[in-house]
Amino acid sequence: MAMEHAASRAAFDQARQYIPGGVNSPVRAFRAVGTDPVFIRKAQGTRLFDLDGNEYIDYICSWGPMILGHAHPALLEGAAEAMGRGLSFGLPTDLEVEMARRISTAYPAAQLVRMVNSGTEATMSAIRLARGFTGRDKIIKFEGCYHGHSDCLLVKAGSGALTCGVPTSPGVPADVVKHTVVCRYNDLESVKEAFAANPGQIAAVILEPVAANMGVIPGKPEFIAGLRQLCNETGTVLIFDEVITGFRLSYGGAAQVYGVQPDMVCFGKIIGGGMPVGAYGGRREIMECVAPTGPVYQAGTLSGNPLAMYIGLRQLDYLNTHPEVYAQLEQSGEKFAAGVRDLLQKHGLPYQLQQMGSLCTLFFADHPVESYEDAVSSDTEAFAVYFRTMLENGIMVAPSQFEAMFLSAAHTDADLEATFAAMDKAFAAVKAARG
């Protein structure tokens, strides 16, 4: 029996009268998968519940921060009391100091930390600071890596920009992006060529150490280590965008997994437990260039918001005192990957399941996916058939070929088995659609 979506359709019709495209972030429109968005009423554990009362096993997890599952008691305990003390002060609190201390303790590169309100603010501010610190203008980013929607970084971007087919957005002045040099992900030679072509001009190299906005593409260890060496040799600031991987791949993020520390790091999502939070940090000598200590200006009225700090600290406390969460996520990720690959073999499908810890993407591609070029050659029509079939069978995955699936500590073996059953039907539907 097909799910009913009348209430979501009505909400979407209403939304389009007041919100551009009916959504507040492009990928939520479900346009890339040929259907209308589902409007969510509530969430609990691994489950989402929409306006029509349909229930889904969730693999979006609010794009990462719900690592413990939705509405986890450890996060909600005392939240009402925290709200009662006030929602915003615009003045310092001890909570933001404690948050900075926790991040710095977990992530050695972040000797000083500045709180902001989103991952976009974090990366934008980090780039400005790297330029101010080095006195250089140019930066290197990588094809398919998404670092938020600030002008200088919205070039060959991933995430919603890739999903909507607008890797370089109108409205971004040519005079801004002329300082952004784009290299090929996992291709160290392209970076060496960029340095050679711009001697003494590169302020920073910014990347997702595990790309998760063109689908999950892990950085090769030799690529990550090579970037560290190049930046050391040239006095360039190496910035890890760990908005997705921070506190998810491990308590010390991707830097701990790879054994490579950047000069600066950007966080978001997970350090707020789902609240709107971001942060950037780095070596003391770099961070002391930020106002009021130094001349590089950055400010935010809601930065370090007390409620967001409270919820975020509860999450970091839990992850720090329950290291078994990471072992569980590794096991779940491996079991999920094995199950998907078994189904692909059963159906004779040549697609690629890429997984690292609790992050994974099923690429509808018959070739290894190690770069932006590899990712965009995937069969997005096949993915759309797969997505719609999964949705109608109660499984919510990202409505885009170019996004990650997220496992949480709340996902059980029963959840995975239900997912495999739906996936079995989805793969059959893909085969039928392809003839």
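Residues numbered from 1 in each chain as written. Predicted model: local features only at pLDDT ≥ 70, side-chain atom pairs only at ≥ 80, totals over all residues. Heavy atoms only, no water.

## Regarding the overall build of the protein
Reasoning step 1: Broken down by element type, the protein carries 16 helices and 16 strands.
Reasoning step 2: Here the C-alpha atoms of the protein give a radius of gyration of 21 Å, agreeing with the 22 Å that 2.2 N^0.38 yields for 435 residues.
Reasoning step 3: For the protein, the C-alpha atoms occupy an extent of roughly 65 × 55 × 45 Å along the three principal directions.
Reasoning step 4: With 435 residues in all, the protein has 57% of them scored as buried.
Reasoning step 5: Residue pairs at least 24 apart in sequence account for 72% of intrachain contacts in the protein once pairs closer than 6 positions are excluded.
Reasoning step 6: Taken as two groups, the 34 positive and 45 negative side-chain charges of the protein have centres that lie 2 Å from each other. (Helix = DSSP H or I, 4+ residues; strand = E, 2+ residues; numbered from the N terminus. Rg over C-alpha atoms; globule rule 2.2 N^0.38 Å. Buried < 20%, exposed > 50% of the residue type's maximum accessible area, 1.4 Å probe, protein only. Contact = heavy atoms within 4.5 Å. Lys, Arg positive; Asp, Glu negative; His and termini not counted. Charge placed at Lys NZ, Arg CZ, Asp CG, Glu CD.)

## Concerning the sheet that holds strand S14 (residues 359-363)
The pairing of strands in a sheet happens through backbone hydrogen bonds and is either parallel or antiparallel.
Reasoning step 1: Strand order across the open sheet formed by three strands is S13-S14-S16, with antiparallel pairing between neighbours. Edge positions in the sheet fall to strand S13 (352-356) and strand S16 (405-406), since each of these pairs with one other strand and no more.
Reasoning step 2: Pairing between S14 and S16: two bridges, direction antiparallel. When the bridges of S16 are listed, Cys360 appears paired with Met405. (Pairing = 2+ DSSP bridges.)

## Digging into the sheet that holds strand S1 (residues 40-44)
Reasoning step 1: An order of S1-S2-S3-S15 is seen for the four strands of this open sheet, with the pairing classed as mixed. The sheet is open, and its two edges are formed by S1 and strand S15 (395-396), each paired on a single side.
Reasoning step 2: Bridge count for S1 against strand S2 (residues 47-50) is four bridges, and the pairing is antiparallel. Residue pairing for S2: Ala43 is matched across the bridge by Leu48.

## Points about the pattern of salt bridges
Reasoning step 1: Evaluation of the coordinates by the stated rule reveals 19 salt bridges.
Reasoning step 2: A salt bridge links Arg102 to Glu98, with the nearest nitrogen and oxygen atoms 2.4 Å apart. Highlighted residues: Arg102 and Glu98, both in helix H4 (residues 94-106), separated by four residues, approximately one helical turn.
Reasoning step 3: Salt bridges linked by common partners bring Glu98, Arg101, Arg102 and Asp317 together as one network. (Salt bridge = Lys/Arg side-chain N within 4 Å of Asp/Glu carboxyl O.)

## Quick notes on empty space enclosed by the protein
Reasoning step 1: Under the criterion given, the structure shown has one cavity of 30 Å³ or more.
Reasoning step 2: Size it by volume and the largest cavity reaches roughly 60 Å³.
Reasoning step 3: Every residue along the wall of the largest cavity is listed here: Cys360, Thr361, Leu362, Phe383, Tyr386, Val397, Ala398, Ser400, Gln401, Glu403 and Met405.
Reasoning step 4: Of all the secondary-structure elements, those providing two or more residues to the lining of the largest cavity are S14 and helix H15 (380-392).
Reasoning step 5: If one sorts the elements of the lining of the largest cavity by residue count, S14 sits on top with three residues.
Reasoning step 6: Here the lining of the largest cavity is built from residues that sort into seven nonpolar, three polar and one charged. (1 Å grid on protein atoms, 1.4 Å probe; cavity = no way out; pocket = protein on both sides within 12 Å on 5 of 7 lines; lining within 4 Å. Points joined across faces, edges and corners; volume = space filled by probe spheres on them. Nonpolar A, V, L, I, M, F, W, Y, C, P; charged D, E, K, R; others polar.)

## Focus on the pairing of strand S7 (residues 202-207)
Reasoning step 1: For S7, the tally of buried residues reaches six of six residues, placing the bulk of the element in the interior.
Reasoning step 2: For S7 and strand S10 (residues 237-241), the ladder comprises four bridges, and the chain directions are parallel. The residue of S10 that forms the bridge with Ile206 is Ile239.

## Here we look at the confidence of the model for the protein
Reasoning step 1: Overall, the predicted model of the protein reaches an average pLDDT of 93, with 95% of residues at or above 70.
Reasoning step 2: Of the regions scoring below 50 in pLDDT, residues 158-167 engages in 28 contacts with residues more than four places distant in sequence or in other chains. (pLDDT = per-residue confidence, 0-100.)

## Points about the state of the cysteines
Reasoning step 1: Within the structure shown, the criterion is met by zero disulfides.
Reasoning step 2: Looking at Cys61, it has no disulfide partner, and the nearest cysteine sulfur is the one in Cys360, 10 Å off.
Reasoning step 3: Residue class for Cys61 comes out buried when judged on its relative accessible area of 2%.
Reasoning step 4: Between Cys183, a free cysteine, and Cys231, which holds the nearest cysteine sulfur, the sulfur-to-sulfur gap is 11 Å.
Reasoning step 5: For Cys183, a relative accessible area of 4% puts it in the buried group. (Disulfide = S-S within 2.5 Å.)

## Thoughts on the layout of surface pockets
Reasoning step 1: Of the voids in this model, the second largest pocket is the one considered here, and its volume is about 610 Å³.
Reasoning step 2: Taken together, 27 residues line the second largest pocket, and the ones lying closest to its centre are Glu96, Val113, Arg114, Met115 and Ser303.
Reasoning step 3: Those elements that place two or more of their residues in the lining of the second largest pocket are H4 and strand S4 (112-116).
Reasoning step 4: It is S4 that provides the largest number of residues to the lining of the second largest pocket, a total of four residues.

## Some thoughts on unusual backbone geometry
Most peptide bonds are trans, and most residues other than glycine sit at a negative phi.
Reasoning step 1: Between Ala291 and the following residue, Pro292, the backbone shows a cis peptide bond with an omega angle of 10°.
Reasoning step 2: Structurally, the position occupied by Pro292 is in the loop between helix H11 (284-287) and helix H12 (306-321).
Reasoning step 3: With a phi angle near 55°, Ser62 is a residue other than glycine that sits in the positive phi range.
Reasoning step 4: A positive phi angle, close to 65°, is found at Trp63, a residue other than glycine.
Reasoning step 5: Here Trp63 is to be found in the loop between strand S3 (55-58) and helix H2 (73-76).

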